[in-house]
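# Reading the structure
Below, each chain spelled out in residue letters.
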Amino acid sequence: MDTKILKIDTVEPQQSRIKEAARIVKSGGIVVFPTETVYGIGANAFDAKACANIFKAKGRPSDNPLIVTVCSLEQAEEIAEIPSQYIDTIKKLWPSPITFIVKAKAKFPKEVTAGLDTIAIRMPAHPVALSLIKEAGVPIAAPSANPSKKPTATSGSQCIKYFGGKVDCIIDSDEAFFGIESTILDLRTFTLLRPGPFTQEELKKVFGKEPTITKTTKGKQSEEIAISPGTKYAHYAPDTLLFLFEGKIGEMLDTIAQIENMPHFVFIGSSESCKLASEELGCSTIDLGKRSEPFKIAKNLYDSLIMLDSFKVKLGIIEAFDENGIGLAIMNRIRKASSHSSFSDSEGLLTLLIAEGLKS
Ligand code: AMP
Ligand code: MG
């Protein structure tokens, strides 16, 4: 398939190019476009065939529903039942990097809702995304732009690498501002299904009540039937094996130093931890940014996972971060990217290395 690449300015989107992309959406095509969180892979949310093509392009399991993006609260209210007690708050909040799960009003194809009677809905705070949805005149179903399980694309160039030849159009704009997917809040139960750039502390401030946080929110394995279907799948994983160290960096250095013939690995962590790991263990490192700038760490996370694969080693080790603020979203993604392979002492590390055939 020929993929049309459209360069569009983030701040002042060229309307002729927006119109061209909108025409593709209206005629049943797939358009990859930027939002303030990550890039999305979008199609007309009422077009079952177009939405089925999103699943095909992503290789996504069909029971994992899509987020529907809108350009106004009015458009949201046409298609979803927003609980009246939250309308005023949402009016103040939107557009922003937060997705709400509410009862669906309009009839969506099962490709969008996975057969649920609810819908995930968001108004992105990005001029290109908003103009595209407005011009298309329909809500756009747009999950994150990544092949299923892979780290999400946060730049136009990564979208071209992932989806060139597989979709009708890619809008190549600036890097996504946050670099991490939207917060998902189930408004029916006030449960935080997925932590994101709109933090749990901010949610409490604007809604005046604390969202419920579960094991699923933290990205920990959960025995419960997942409320948010996508949460049961492996996510964001690099091709390289990734272990998570749950503890302080000093303990990690000691733990690794105790392993005889430790296989080569790349360490991913904060600037401060990378410096220590490189000095004390002599390993290669991928620097996520200073600990004092957690939003930057979140923004760099997916690129660092993509970069890990370019080292051509068998193993990456990533450090854990505090779960305050955006840290909760960072740890949710890291837990999933490491497929829950975590260790906190040398015995745990040895067990993982042996299980993965990296040590006998
Ligand atoms: P993505 O846009 O790729 O980050 O994925 C969207 C996520 O939204 C999915 O993984 C689901 O977990 C969640 N989601 C979408 N629709 C619903 C829904 N109706 N109920 C609960 N979760 C949903
Ligand atoms: Mg996704």
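Structure: above.
Residue indices begin from 1 for each chain and proceed along its sequence in written order. For naming, the first written chain is A and the first written ligand is 1, with later ones following in the order written. Only residues with pLDDT of at least 70 get local features here, since the model is predicted, and only at 80 or more are side-chain atom pairs given and counted; chain-wide, interface and lining totals rely on the full set of residues. To get the side-chain values, take all heavy atoms of the structure and skip hydrogens and water.

### Quick word on helix H7 (residues 156–163)
Among the residues of H7, those classed as buried are Gly156, Gln158, Cys159, Tyr162 and Phe163. Viewed end-on, H7 has its buried residues packed into an arc of 155°, placing them on one side of the element. Buried residues along H7 sit against strand S2 (31–33), strand S3 (40–44), helix H2 (48–58), strand S9 (169–172) and helix H12 (294–310). To qualify as a helix, a DSSP run of H or I must reach at least 4 residues; to qualify as a strand, a run of E must reach at least 2; elements of each kind are numbered from the N terminus. Glycine 165, located one to two residues past H7, shows a positive phi value of around 85°. Three exposure classes are used, based on accessible area relative to the maximum for each residue type with a 1.4 Å probe and protein chains only: buried under 20%, partly exposed in between, and exposed over 50%. Directions are taken from the helix axis to each C-beta atom, and the arc is the one they span. Working rule for contacts: check all heavy atoms of both residues, and any pair within 4.5 Å makes them a contact.

### A look at the pattern of salt bridges
Salt bridge, as used here: a side-chain nitrogen of Lys or Arg that lies within 4 Å of a carboxyl oxygen of Asp or Glu. As enumerated under the stated definition, the model contains 15 salt bridges in all. Between aspartate 117 and lysine 103 there is a salt bridge, with the nearest N and O atoms lying 3.4 Å from each other. Within this pair, whereas aspartate 117 is found in the loop between helix H5 (110–113) and strand S7 (118–122), its partner lysine 103 is found in strand S6 (residues 98–104), the two being separated by 14 residues in sequence. With relative accessibility at 48%, the residue aspartate 117 sits in the partly exposed group. Put simply, aspartate 239 and lysine 150 hold a salt bridge, and the shortest N to O gap is 2.6 Å. Taken together, the residues span a long stretch of sequence, with aspartate 239 in the loop between helix H9 (215–218) and strand S13 (241–245) and lysine 150 in the loop between strand S8 (140–141) and H7 at a distance of 89 residues. For lysine 150, a relative accessible area of 24% translates into the label partly exposed. Overlapping salt bridges, with partners in common, bring together Lys218, Glu246, Glu323 and Arg335 in one network.

### As for the environment of phenylalanine 198
Tracing the sequence through the fold places phenylalanine 198 in the loop between strand S11 (191–194) and helix H8 (200–207). Taking the relative accessible area as the measure of exposure, phenylalanine 198 reaches 9% and is therefore buried. Taking the C-alpha atoms as reference points, phenylalanine 198 and isoleucine 326, separated by 128 residues in sequence, lie 7.7 Å from one another. In this structure, phenylalanine 198 is in contact with Leu93, Ser96, Pro97, Ile98, Thr183, Leu203 and Val206, ignoring residues within four places of it in sequence.

### Regarding the pairing of S9
Neither face of S9 is exposed, since Cys169 and Ile171 on one face and Ile170 and Asp172 on the opposite face are all buried. Alignment of strand S1 (residues 4–7) against S9, held across 4 bridges, turns out to be parallel. Each bridged residue has a counterpart across the sheet, and for isoleucine 5 the counterpart in S9 is isoleucine 170. Two elements, S2 and S9, share 2 bridges in a ladder whose sense is parallel. When the sheet's bridge partners are listed, valine 31 is paired in S9 with cysteine 169. Any two strands between which DSSP finds at least two bridges are classified as paired.

### What to know about the side chain of threonine 191
As for its position among the elements, threonine 191 is in strand S11. N or O atoms within 3.5 Å of each other form a polar contact, as long as, within protein, one can give a hydrogen and the other can take it, and as long as residues adjacent in sequence are counted only when both atoms are side-chain atoms. At a separation of 2.9 Å, a polar atom in the side chain of threonine 191 contacts the side chain of threonine 189. The contacts of threonine 191, once residues within four sequence positions are left out, are Ile184, Leu185, Asp186, Thr212 and Thr214.

### Some words on the pairing of S13
Among the 5 residues in S13, 4 count as buried, and that is most of the element. Relative to strand S16 (residues 315–319), S13 is paired through 5 bridges, and the arrangement is parallel. Paired with phenylalanine 245 across the two strands is glutamate 319, which belongs to S16. Where S13 lies against strand S17 (residues 342–343), 2 bridges are found, and the strand directions are parallel. When the sheet's bridge partners are listed, leucine 244 is paired in S17 with serine 342.

### Things to note about the nonpolar core
We call a set of buried Ala, Val, Leu, Ile, Met, Phe, Trp, Tyr and Cys residues a nonpolar core when their side-chain atoms join them within 4.5 Å. Val32, Trp94, Phe100, Ile121 and Phe163 are the most contacted members of the largest nonpolar core, which totals 49 residues. Broken down by secondary-structure element, the contributors of at least two residues to this core are S3, H2, helix H3 (73–79), helix H4 (87–93), S6, S7, H7 and H8. In this view, phenylalanine 100 contacts Ile90, Leu93, Trp94, Ile119, Ala120, Ile121, Leu185, Leu187 and Phe207; residues no more than four positions away in its chain are not counted. Ile268, Tyr302, Ile318 and Met331 belong to the second largest nonpolar core, which has 24 residues in total.

### Considering the sheet that holds S17
An order of S15-S14-S16-S13-S17 is seen for the 5 strands of this open sheet, with the pairing classed as parallel. Strands with a single pairing partner mark the edges of an open sheet, and in this sheet they are strand S15 (284–287) and S17. Sheet strands in contact with H12 are S13, strand S14 (266–269), S15 and S16, and its direction is about 175° off that of S14. All axes are obtained by fitting lines to C-alpha atoms, using only the stretch in contact for helices, and the reported angles, taken between N-to-C directions, cover 0 to 180 degrees.

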